Amino acid sequence: MSGWRFLILGFLTVWWAAGCMTEPAVPPPGFAPSPKKAAETPPGWVPDGYVEAIPRMPEKGYLLKPLAPEVYFFSNGVYNTLFVVTEEGVILIDPIQGAGHLLRRAVREVTEQPVIMMIYSHPHRDHIGDASMFAEGIKIVAHRETQKLLQRYNDPARPVPNIAFGEKYAVELGGLRLDLIYPGDGHGKGNIIIHIPQRRLLMFVDVATPKSVPFKNFTTVDIFSQIAGLKRALQLDFDTYVAGHLYRPGKRAEMEEVLQYYFASKRANAEALKRVSIGKIMRESRSKDIERKMGEYYEAVAEECYRILKPKWKPRLMGFEAFARGHCDVWTAFHRTHQSPGNAR
Ligand SMILES: [Zn+2]
């Protein structure tokens, strides 16, 4: 196995094992089934919908490209982040777990300046798990909730931020300003929007990977906050955004598209709840276990919701086959226990 393949396999393993994953990536080149194997596909296999293949990584193991003056996009194919190079030093956002040495090399590719500040987008280990490699004597900025959680975790790999903020915080270095904005809990406590207005760039991790449905069960602690966060992000001035996953940044329209999927899945679930008769499922069930009967009902609702979403969304977004039913389940739980606060359509 060549070096880059080994690296990618490692990253995929870490990613899938991690707790805050977003959308799945398709297998990198070399892992895709050969045409012969595809012909042996077992009956019952449901074909993929939209697929965007990850390009072959360069031999060095990462992609690095300037997104705007001073701002560099880094990706190992599965995870991505930004760093900012100024005459006063480098600001590194999200020291990705397992990619710290590559990030260090990437920074050295473009500048001799030291990393003098880190920004954590949120506390999840898969995104900031190599922080300790850069933390010595520098400023680490994050939301107050991220600070609290990292104090509690006491994880040497993720040093506690020494600058924490509430609603909003501005970082200024070398004439460039980064606005850090907290839109609420959403994907997890402390997950912030990082906006660079002068460069029309934005970073918002784990909520809207371009051309992908959200990850399993939306990976959310508060689905409405998550949607409100995306709406907040879309009020800001930007053309390009970084989602934390995949090999490339997204365009504004791609964030809007994923937000539309959030709304569509909510509507589809409401419709499915109307269409599926709980009485019929209960009568026809072979089970005597009421809990199991309820489970069968919710499965039927999720299946109907999936069928409603499929014609439009399967051809548009990756991950549909894996996660659409789970999204429907999240909305079922929501519709059973909450009244819509009206910030989703
Ligand atoms: Zn996360």
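Let me begin by describing the structure that accompanies this report. These numbers were taken from a predicted model, which means no experiment stands behind them.

## Re helix H10 (residues 320-337)
- Helix length check: H10 (18 residues) gives 25 Å between terminal C-alpha atoms against 26 Å at 1.5 Å per residue, within 8%.
- Every buried residue of H10 is listed here: Phe320, Phe323, Ala324, His327, Cys328, Trp331 and Thr332.
- Where H10 is buried, its residues contact helix H7 (252-275) and helix H9 (290-313).

## Examining the sheet that holds strand E6 (residues 139-143)
- Overall, mixed pairing links the 7 strands, which are arranged E1-E2-E3-E4-E5-E6-E7 in an open sheet. With one partner strand each, in any of the chains shown, strand E1 (63-68) and strand E7 (163-165) form the two edges of the open sheet. Adjacent strand axes in the sheet meet at a mean angle of 20°, parallel and antiparallel pairs treated alike.
- Summarising the sheet, strand E3 (residues 80-86) and strand E4 (residues 89-93) pair through 4 bridges and their orientation is antiparallel. Each bridged residue has a counterpart across the sheet, and for Thr86 the counterpart in E4 is Gly89.
- Its contacts with the sheet put helix H3 (residues 100-110) on E1, strand E2 (71-75), E3, E4 and strand E5 (115-119), and the angle it makes with E2 is roughly 145°.

## Observations regarding the nonpolar core
- Counting 88 residues, the largest nonpolar core has Phe83, Ile119 and Phe204 as the members making the most contacts within it.
- Looking at which element gives the most residues to this core, the answer is H9, with 8 residues.
- When residues of this core are sorted by domain, at least three fall in each of domain 1 (63-248) and domain 2 (265-343).
- Those residues within four positions of Phe83 in sequence are excluded, and the remaining contacts are Tyr72, Phe74, Val90, Ile91, Leu92, Ile93 and Val107.

## As for the sheet that holds strand E12 (residues 240-242)
- With mixed pairing, 6 strands are arranged side by side in an open sheet as E8-E9-E10-E11-E12-E13. Strand pairing shows two members of the sheet lacking a second neighbour, strand E8 (168-173) and strand E13 (250-251), which therefore form its edges.
- In this structure, strand E9 (residues 176-181) lies alongside strand E10 (residues 193-196), joined through 3 bridges in antiparallel fashion. Counted as the bridge partner of Ile181 is Ile193 from E10.

Conventions we followed
Residues numbered from 1 in each chain as written. Predicted model: local features only at pLDDT ≥ 70, side-chain atom pairs only at ≥ 80, totals over all residues. Helix = DSSP H or I, 4+ residues; strand = E, 2+ residues; numbered from the N terminus. Expected span 1.5 Å × (residues − 1). Buried ≥ 20, exposed ≤ 12 C-beta atoms within 10 Å, placed from the backbone. Contact = placed C-beta atoms within 7 Å. Pairing = 2+ DSSP bridges. Axes fitted to C-alpha atoms, helices over the stretch in contact; angles between N-to-C directions. Core = buried A, V, L, I, M, F, W, Y, C linked by C-beta atoms within 7 Å. Domains from an automatic or database assignment.

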